[in-house]
Amino acid sequence: MKKIDYEIYKKTLLLAVPIMIQNGITNAVGLVDNLMVGSLGTEAMTAVSISGQLIFVFNLALFGALSGPGIFGAQYFGKGDIEGVKNVFRIKLWAAIAIGIIGILVFLNFDGFLIGRYMTGNAEGIDAVLTMNYAKTYLHIMLIGFPLNCITQVYATSLRETNESLSPMVAGVISVVADVVFNYLLIYGKFGFPRLGVSGAAYATVIARLAEFVVLIVWTHIAAKKRVFVKGLYKTLLVPKKIIWPIFKKSLPILVNEFLWAGAIAAMTQCYSVRGLNVIAGLNISNAICNLLNVVFIALGHAVGIIIGQMLGAGELDRAKKSSVSLMWFSAFLCAFLTVILIILAPIFPNAYETSSDVKAYARTFITVTAIFFPLQGFLNSLYFTLRSGGKTLITFVFDSMFSWVVGVGTAFVLSHFTNLSIVGIYIAVQLTDIIKVTIGYIMIKKGIWMSNIVNEY
């Protein structure tokens, strides 16, 4: 038993570490972006934070659209069915195109309304009109990179589902370097480049998306012999009818779930904003550093979902059940180290920003609270991907997004609108609701109701 556990831990880390590195570097660049934009003033920082929340919802919708088919991709690969992997790729390509078009249309037509939802609180010391203009400008430029990101994610997720996480990592690193360089050049107008401020930050991200797109797609097709699903991939974009409905039926709840979950996070942030734009600025600083470290449990969750999915596809149900529990505790254990790091950084990091003392105080508190809940989030993230790996997507829909809206958003809304509880108290109360979710999810894992091989008949 111990030998199997150690093998699983090793395999999980081999798959997760490149994802951690890629996402970690990407988030490190996000941190640098945040600091650079923060030097332009609180309005610029708040505007980019608000636009970032909206783009976050889009990215989660894209993630959800690709994750449903990805369950089949991992199980097909575990089964050794390469043609099945190719068909999953084609389905993901169509899904990504559809999500990209919808996202662009929504943000072009409803930008003012969506941004305005975050500006309902008092704006003491902050120019609300300037913040709105910055946010619109940033969002519109970022839309240029949406199609590139959609196609890139189709390739990256398919490669990971076939145990190849190195090339997405390298492409991500190159993207990050491009982002840092062009942020510096375009935000501040260095070496003959125009000084574009907030617009420069957005253009730099678009350039970085282009670099990632080119590197990943070219590398994947040059090394086609090593990428088992690439040969003959584009001979057709049609998918056999017999697998379209099963994949769609499993995928739709995940797409809706990720979209609603991201919407729930955005709604919670909107509830917090009722207590003032300074709160949003403080959250932005907190998220900048916390997101740098939460790549650990996010990557572990992805790896756990892929590995457990491959076991299920290979018919190793008992092994999948035992390994899932071990890996959840393993994730929580690793995240405990992150708690210590964040608590140490909490009183130091906000001082890097040119903003008010109130914003810095909020940021320090939010960082500390988030740090305390990191082990819980690590456990919960692996738990979620385990439930999803068996294809029981309706269960994960109820477990994740429904819970977040009913309990998480409900708690934030009631406490922010109908009580005098401090914003810190509200934030802690919302984090505590995840204990209920973990308890329910753990019971489902132990009962094994999530386990199934969904590719045998297709």
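Above this text you will find the structure in question.
Enquirer: It is not clear to me how the overall build of the protein should be interpreted in this structure. Could you clarify?
Expert: The helix and strand tally for the protein stands at 17 helices and 0 strands. The C-alpha radius of gyration computed for the protein amounts to 22 Å, which stays within 12% of the reference 23 Å derived for 458 residues, consistent with globular compactness. Overall size of the protein, expressed as C-alpha extent along the three principal axes, is 60 × 50 × 40 Å. Long-range contacts, defined as pairs at least 24 residues apart, comprise 84% of the intrachain contacts of the protein with a sequence gap of at least 6. Here the protein displays about 18,700 Å² of accessible surface, and carbon together with sulfur accounts for 69% of that area. Charged side chains of the protein number 34 positive and 21 negative; the gap between the two group centres comes to 9 Å.

Enquirer: How should I be thinking about the packing of aromatic side chains in this particular structure?
Expert: To describe a pair of aromatic rings, you give the distance between the ring centres and the angle between the ring planes. Scanning the entire structure with this criterion turns up 19 aromatic pairs. Residues F379 and Y442 carry aromatic rings whose centres are separated by 5.8 Å and whose planes lie at 50 degrees to one another, so their mutual orientation is tilted. Of the two residues, F379 is situated in helix α14 (residues 374-389) and Y442 in helix α17 (residues 434-447); the sequence distance between them amounts to 63 residues. Taken together, the ring pairs in this structure connect Y272, Y362, F366 and Y427 into an aromatic cluster.

Enquirer: Please explain empty space enclosed by the protein as it appears in this structure.
Expert: Any space left empty among the atoms is revealed by the rolling of a water-sized probe across them. Inspection of every chain in the model, using the stated rule, returns 4 cavities of 30 Å³ or more. Every residue lining the second largest cavity is listed: I55, N59, M142, G145, F146, N149, T205, V206 and R209. Breaking the lining of the second largest cavity down by element, the ones donating at least two residues are α2 (42-79), α6 (146-161) and α8 (198-222). Ranked by residues supplied to the lining of the second largest cavity, first place goes to α8 with 3 residues. The residue makeup of the lining of the second largest cavity, split by class, is 4 nonpolar, 4 polar and 1 charged.

What counts as what
- Residues numbered from 1 in each chain as written.
- Predicted model: local features only at pLDDT ≥ 70, side-chain atom pairs only at ≥ 80, totals over all residues.
- Heavy atoms only, no water.
- Helix = DSSP H or I, 4+ residues; strand = E, 2+ residues; numbered from the N terminus.
- Rg over C-alpha atoms; globule rule 2.2 N^0.38 Å.
- Contact = heavy atoms within 4.5 Å.
- Areas by Shrake-Rupley, 256 points an atom, 1.4 Å probe, with all protein chains shown as cover.
- Lys, Arg positive; Asp, Glu negative; His and termini not counted.
- Charge placed at Lys NZ, Arg CZ, Asp CG, Glu CD.
- Phe/Tyr/Trp six-rings, centres within 6.5 Å; stacked < 30°, edge-to-face > 60°.
- 1 Å grid on protein atoms, 1.4 Å probe; cavity = no way out; pocket = protein on both sides within 12 Å on 5 of 7 lines; lining within 4 Å.
- Points joined across faces, edges and corners; volume = space filled by probe spheres on them.
- Nonpolar A, V, L, I, M, F, W, Y, C, P; charged D, E, K, R; others polar.

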